[in-house]
Every structure is written in C-alpha cells, then in structure tokens.
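# Secondary and tertiary structure notes
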Amino acid sequence: MVCHPELTHEVLMDPHTFDKGGPLYDRLGKLMGDGIVTCRQQTHRDKRRLLQPGFRPSHVAAYTDLVAQEAESVCDAWPTGRPVPVTEAMMTLTTRVISRVLLSDSLDDATTAEVRDCLTDVVRGLFVRTVVPIDALFRLPVPANRRYRRALSRLHTIIDAVIAERRRGADRDDVLGTLLAATRGDGVPAPITDQEVHDHLITLLLTGVETQALCLSSAFSLLARHPEAEGRLHAELDSVLGEGRRPGPEDLPHLVHTRCVVSETLRHSSPGWLFTRVTTRETELAGCRLPAGAAVLYSPHLLHHDPSSFPDPERFDPGRWLPGRPTAEQRRAMMPFSAGNRKCLGDEFAMVEATLALATIAGRVRLRHLPGYVERTPRPGITMGPRSLVMICEPRSRVPAAASPTSRATAAPRTSESRTAGEHVVDNA
Ligand code: HEM
C-alpha cells in the first residue's frame, strides 16, 4: 500500500511496471469485460484515443447548458420545506447528463430512470463480487443476487436496443456516433467490434454516474454542516448569477468559490477511495523488493487525509483551493482523479459538471440536514459517499452584492490555459 504522494506518483507514472490489475481490477475485468478501466497497458492506448475526444475541454464547454438545464429540472421538482432524496436526485441528474453526452436523446425519461436504478444495483453487486471472490455464493437464488443479475441484464438489453436503433437511423455527433464510426473503420487504425461499442458504453455509464452523484451529495451534506463555506458560496452565486440566472460556460472562470467547494469535497470525501495495480516484473519501490505479480494499492482518501499534506485534514475548508493558496506539494497530493496515463478520462467533464450543477442548485435552494442528523462514517463500496442522503429543501434568500467574497477580478484561469502536463490541477479545472 503506497502511502506517500511521491511514491504514488512513482507507481502511477510507470504503467509498464505497475499495470492495471490486482485484486480489484482482475475481478472487475472478469465481470465487466476488457474495457478501458480494467484493460492492461498493451490495449489501453487505442481505447483511450477512441474515447478521449468526447471529453476534451472543447467538447466539455458544449455540455454546460445541458448540465444546468438538468440540474434546474431536478431541483425545480423539489417541494420546499419537505425532505428530498438528495442522492437519488443526484443519480437522476448525472444519469441524464451522461446518457445525453453518450447517446444524445436516444433514451426516454422512463428508460433513463431505469438505467439509473440498474446502475445503483450493479455497482453495489460488483463491489461484493470483487471483495468476496467466491463465485458459488453469487449463484445462490437470494434476492440480492437476483437483483444484480436482473439489473445487469436489463442494462445490456437497453444498450443493445439503443445501438440497434441508431444503426437504423441517422448518424449523430455524440460518443455513440464516434464508436459506430470506429466499427466502420473511420478514423481508427483497426475497426472495433459491436461488442466493444457495447462494453465502452456500459463502462462509461458505470464510471460516470455514481462517482459524480456522490461528489455532489457530499458537497451538499458538507455545506449544510459548514455555514461559513455555504455563506461564501451563496454570496458568490448571487454576485455572479444575480436572481438565479442559469449559469453558462462564460460564468465558469468567475465561479471561483464554487469550484473550490467541489475541489475540497473531492479532497475531503473522495468518491474513488481505493485502487490497485499489479507489478509486471520484479522491481523496487521505496527500498522494498517487489516480485512480479505483486498487488500494489493506493488510496486517494488516505493521501487526502494525511496531515503532513493537508493540515487539519478532517476540516472542510474550500479556501484551501483559492487561486495561489495550494502549495505544489498539495497539488501533487491531491489525486481524486488519479494521475498518469490511467487518470480519469472524465476529470474535466466531472469538474465542470459538478461546478455547474452545484451553482445551479445552490443558486436556487438551500439544503438542510434533517433534525437529529448524525454524520455517519460512509460504508465503502467500489465508491464511497452518502448513498441515501435525505435533506430538507428550503428557498434561498439572496446575499447583498457588497457581501460577495469573490469578484470577477479573482477569476481563475480557464482549464485549457492552466493545465500543465502530468500535474493535476483540480482547483483550476
Ligand atoms: C467525481 C467524479 C469522478 C471521480 C472522483 C473519478 C475518479 C476516477 C479515478 C480515481 C480513476 C482512476 C482509477 C485508477 O487509478 O485505477 C478514474 C478512471 C476513469 N474514469 Fe473517472 N471519476 C469521476 C467521473 C468520471 C466521469 C464523469 C467519467 C466519464 C464518463 C469517468 C470515466 C473514467 C474512465 C473511462 C476511467 C478509466 C481511464 C483509463 O484507464 O484510461 N469518470 N476515475
């Protein structure tokens, strides 16, 4: 288990020696196929080249209106003064957004809701199957096994139907469109198969929905427990967006504090908490000899809660990420999306989606914990976070303009201007 940021970078920046694999990914690969998340180094580059264009910064800007629209419709449906199922609503939001990015409008509302429920059951089932690798247990006819199998099979059926329907209709400029072009050999060195198209879509749904929903749910939960941070956020939103205007791409550089809340949420309550690699040859790490085939683990949660990198690590303090505040060491230690060539494909998309969704929702309503709420240590699964958060939705009162802590003068640089190779700059994304 690597516990120091520099050692973690050493592992992640040498994927030929520390390849995907180990207990988590070997098992996931068996269950989910040889997709981009679990595949070994040899086949990774082609998969990444194929999928990356849909998540480039230029494309991400085009998704901003879609995110804000979906976030608005989620919170407009909340009754004020009443408990609302926050995690479930965030799952709805992120499923609707990713399904439109991947498949345009190929899924109707009822099917999108079904996909959301299937993903919840599949992700839960995958975790138990990963940590308890005893296949016989999962053949038992018990409700949890039936639920997992039913959800997985329904997900496959829905994706197959979308692919078949698209083949009968016109080409679309979305991720499925790119994948179908690749089956015809357009713009790729070797055509891919229909099965690969299917696996890529399932993988992107599995990676892009729950992580993001848990990040947003954690943000609302943390803000409700930290009124100062919430007050600064509200002041910024009122100054940048006025009377609840829908945020657009031009607002992103001005939502400085909003972005800091997302970054600090990802530090404090990172949805991806434990990952594995496997050594492909005998090697040495931190003076220890590792044989070929050794499992190496790293944990963003552990790195983000090390007081030598982040003083008072349990404290939720978005101000840590204000422009100019984090040190070079803290930027290196901040790895919610990992690092190296297996770094999250959707990192920039995730930052933009979370910033805009948070701005849209917190610009309109305020979420409070239920009376008697007690913070519980989240139960780890493949991801970690508040899986069934319920909060009270209240109307927002506006903060007078003069009280705003951030102004347009403090705007952070745009992502494309601020990224430097190999470094993870969450605060500027
Ligand atoms: C807050 C949200 C997210 C978090 C915290 C997150 C975190 C991560 C992490 C830590 C990894 C690396 C895993 C490893 O080292 O083994 C990863 C990989 C990946 N993520 Fe994300 N992710 C998020 C959202 C998304 C979204 C929205 C998508 C896009 C649909 C996505 C797609 C992927 C893919 C495809 C990979 C595999 C990349 C590769 O191996 O080349 N993720 N993610």
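Residues numbered from 1 in each chain as written. Predicted model: local features only at pLDDT ≥ 70, side-chain atom pairs only at ≥ 80, totals over all residues. Heavy atoms only, no water.

## Brief notes about the pattern of salt bridges
Let me state the cut-off plainly: We define a salt bridge as a contact between a side-chain nitrogen of Lys or Arg and a carboxyl oxygen of Asp or Glu at a distance within 4 Å. Think of it in three bands: with a 1.4 Å probe and only protein chains considered, a residue is buried below 20% of the maximum accessible area for its type, exposed above 50%, and partly exposed in between. Each helix corresponds to a stretch of at least 4 residues labelled H or I by DSSP, and each strand to a stretch of at least 2 residues labelled E; elements are numbered beginning at the N terminus.
In the structure shown here, the tally under the stated rule is 30 salt bridges. The partner of D117 in a salt bridge is R116, and the shortest N-O contact between them spans 3.0 Å. The exposure class of R116 is buried, given its relative accessible area of 13%. A salt bridge links R320 to E264; its shortest N-O distance comes to 2.9 Å. Residue R320 is located in the loop between α14 (300-304) and α15 (328-333), and its partner E264 is located in helix α13 (residues 256-268); the two are separated by 56 residues in the primary sequence.

## Things to note about the pairing of strand β7 (residues 365-369)
Definition in use: Note on pairing: DSSP must find at least two bridges between two strands before they are called paired.
Among the five residues that make up β7, four are buried, leaving the element largely enclosed by the rest of the structure. Two strands pair when backbone bridges link them, and β7 and strand β8 (residues 390-395) are joined in this way by five bridges, in the antiparallel orientation. Residue pairing in the sheet places V365 in a bridge with P395 of β8.

## Focus: the site of the ligand
The criterion, for reference: Here, proximity means that at least one heavy atom of the residue falls within 4 Å of the molecule or strand. Pairs of N or O atoms within 3.5 Å make up the polar contacts considered here, provided that, within protein, one atom can donate a hydrogen while the other can accept it, and that residues adjacent in sequence are counted only when both atoms are side-chain atoms.
Contacts to the ligand come from 29 residues, most closely from Y25, H44, R48, Y298 and C344. Side-chain polar atom of R48 to an oxygen atom of the ligand: 2.8 Å apart, as the coordinates give it. In the environment of the ligand, an oxygen atom lies 2.4 Å from a nitrogen or oxygen atom belonging to the side chain of Y298. Among the elements that take part in the shell around the ligand, helix α10 (residues 194-208) stands out by supplying three residues, more than any other.

## What to know about a nonpolar patch on the surface
Under the convention used in this document: What goes into a patch is any residue over 30% in relative accessible area without a salt bridge, connected to like charges within 9 Å or, for nonpolar side chains (Val, Leu, Ile, Met, Phe, Trp, Tyr), within 5 Å. For the area figures, the Shrake-Rupley method with a 1.4 Å probe applies, and any residue is considered shielded solely by the protein chains shown.
A contiguous nonpolar surface patch, about 310 Å² in accessible area, is contributed by I134, L137, L140 and V142. Checked against the element boundaries, V142 lands in the loop between α7 (109-131) and α8 (143-168).

## Examining empty space enclosed by the protein
Left-over empty space is what a probe sized like a water molecule reveals as it rolls over the atoms. Which entries qualify depends on this criterion: Grid points spaced at 1 Å and placed over the protein atoms alone form the basis of the search, with a cavity being a set where a 1.4 Å probe fits but cannot get out and a pocket an open set showing protein on both sides within 12 Å along at least five of seven lines. Lining residues have an atom within 4 Å of a point. Grid points are joined across faces, edges and corners, and a volume is the space filled by probe spheres set on the points. By the convention adopted, Pro, Cys, Tyr, Trp, Phe, Met, Ile, Leu, Val and Ala count as nonpolar, Lys, Arg, Asp and Glu as charged, and the other residues, Gly among them, as polar.
Summed over all chains, the structure comprises two cavities of 30 Å³ or more. What lines the largest cavity is F220, L223, A224, E230, L233, H234, A362, V365, R366 and L367. Mapped onto the lining of the largest cavity, the elements with two or more residues apiece are α11 (210-225), α12 (227-241) and β7. Taken together, the residues that form the lining of the largest cavity break down as seven nonpolar, one polar and two charged. Taken as a whole, the second largest cavity spans an internal volume of roughly 40 Å³. For the lining of the second largest cavity, the secondary structure elements donating two or more residues are α3 (41-51) and α9 (175-183).

## Focus on the UniProt feature "binding site: heme" (unreviewed entry) in the protein
Defined as follows: UniProt positions are given in the numbering used here, feature names are shortened, and annotations may be inferred rather than shown by experiment. We call two residues contacting when some pair of their heavy atoms lies within 4.5 Å.
Taking the numbering used here, the UniProt-annotated feature "binding site: heme" (unreviewed entry) corresponds to C344. In this structure, C344 sits in the loop between α15 and α16 (347-364). Residue classification places C344 among the partly exposed residues on the basis of a relative accessible area of 29%. Apart from the residues lying within four places of it in its own chain, the contact partners of C344 are R48 and F337.

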